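# Structure assessment
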Amino acid sequence: MIKHMGLKAHGKINLGLDVLRRREDGYHEVKMVMQTVGLFDSVDLRINGRGGIHVETNLSYLPNNENNLVWKAANLLMEEFGIREGVEIRLRKFIPVSAGMAGGSSDAAAVLFGLNRMFGLGLDMEELKKRGVKLGADVPYCLMRGTALSEGIGEILTPLPPVPQCRVLLAKPNINVSTKWVYENLHANDLRPEDHPDIDGLVDAIRAGDLREMAGKFGNVLELVTEKRYPVIGDIKQAMLRCGAINAMMSGSGPTVFGLFENESDAKKAYWTLRNGRLSRRVRQVYLTNFFNNREVSNGL
């Protein structure tokens, strides 16, 4: 038994996001391209003899009980395998919360991965993914990481070649967005053909290793809802483009915006602009990072 493990739970962005339809069971069928970024939360796991699950975070407004996804992840495995030892989870959040970057899902994925190793449960990646989807549609991807096509409700994953490396600027405005609200207001079955992004073209550009072609195929159908309600999202995109981004888009259901930069000085200029310029009072968090594309991502965390 491994008594202690520290893990990095990386955030993700959506290079493309389409919603094909709303199913009769209420779930939405999606087709999207997911990409891991360098920004990560720190997840520290320890086993003790006290029993139970104990969660500590650096953000006072996050729950430290069964309402936290890391608690649910630990409980899922502990109940299934009859684990009686106690687990301490120390979570340090850096990925913006409620921001379209799967921070909570990535934290939960780290807990599943870590406890599987620490207790020697013997679950392979596919078995972990099957358990992860019970916690949330993004958790299986967060276990796998890298570049992937995501279909179904998000649980059908096809690995893609790593995208060309560049600088990635992330900016979250000082608003929070409910994913449930966004999907409820999308009215997916009433979308026009021109509302749907070209996900197949995006995948082709990724397979060709063409960064600019890839950026030109960006599209997120959820912007129809979130950006319309919160125009600051469009303002941030335009600020990034004026500073030299090859493209900029909202991630997930928002409100985080990301921009891709081939030029380091342009990326730093955009970072400074969002931190100190006229939009600074409307932007809560800004990070400059890269894609996370190491060759080991196919083996998970």
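These notes cover the structure that comes with them.

What counts as what
- Residues numbered from 1 in each chain as written.
- Predicted model: local features only at pLDDT ≥ 70, side-chain atom pairs only at ≥ 80, totals over all residues.
- Heavy atoms only, no water.
- Pairing = 2+ DSSP bridges.
- Helix = DSSP H or I, 4+ residues; strand = E, 2+ residues; numbered from the N terminus.
- Axes fitted to C-alpha atoms, helices over the stretch in contact; angles between N-to-C directions.
- Contact = heavy atoms within 4.5 Å.
- Core = buried A, V, L, I, M, F, W, Y, C linked by side-chain atoms within 4.5 Å.
- Buried < 20%, exposed > 50% of the residue type's maximum accessible area, 1.4 Å probe, protein only.
- Right-handed = clockwise from strand over helix to strand, strands pointing away.

### Examining the sheet that holds strand β10 (residues 257–261)
- Sheet architecture is open: four strands sit in the order β9-β10-β7-β11, paired in antiparallel fashion. Looking at which strands have only one partner, the edges of the open sheet turn out to be β9 (247–250) and β11 (283–290). Pairs of neighbouring strands in the sheet enclose a mean axial angle of 20°, with direction left out of account.
- Where helix α10 (residues 264–276) meets the sheet, it contacts β7 (167–173), β10 and β11, and its direction lies at approximately 165° from that of β11.

### Here's the deal with the nonpolar core
- Counting 75 residues, the largest nonpolar core has Ile89, Met240 and Leu274 as its most contacted members.
- Per-element tally for this core: the top contributor is helix α2 (residues 103–118), with eight residues.
- Sequence-distant contacts of Ile89, that is, excluding residues within four places in its chain, are made with Val43, Asp44, Leu45, Ile53, His54, Val55, Glu56, Val70, Ala74 and Val111.
- With 27 residues, the next largest nonpolar core counts Leu15, Val163, Leu170 and Ile206 among its residues.

### Topic: the pairing of strand β3 (residues 53–57)
- Every second residue of β3 is oriented toward a common face, the buried set being Ile53, Val55 and Thr57 and the non-buried set His54 and Glu56.
- Where β3 and strand β4 (residues 86–92) come together, five bridges link them in parallel fashion. Residue pairing for β4: Val55 is matched across the bridge by Ile89.
- Handedness of the β-α-β unit built from β3, helix α1 (residues 69–80) and β4 comes out left-handed.

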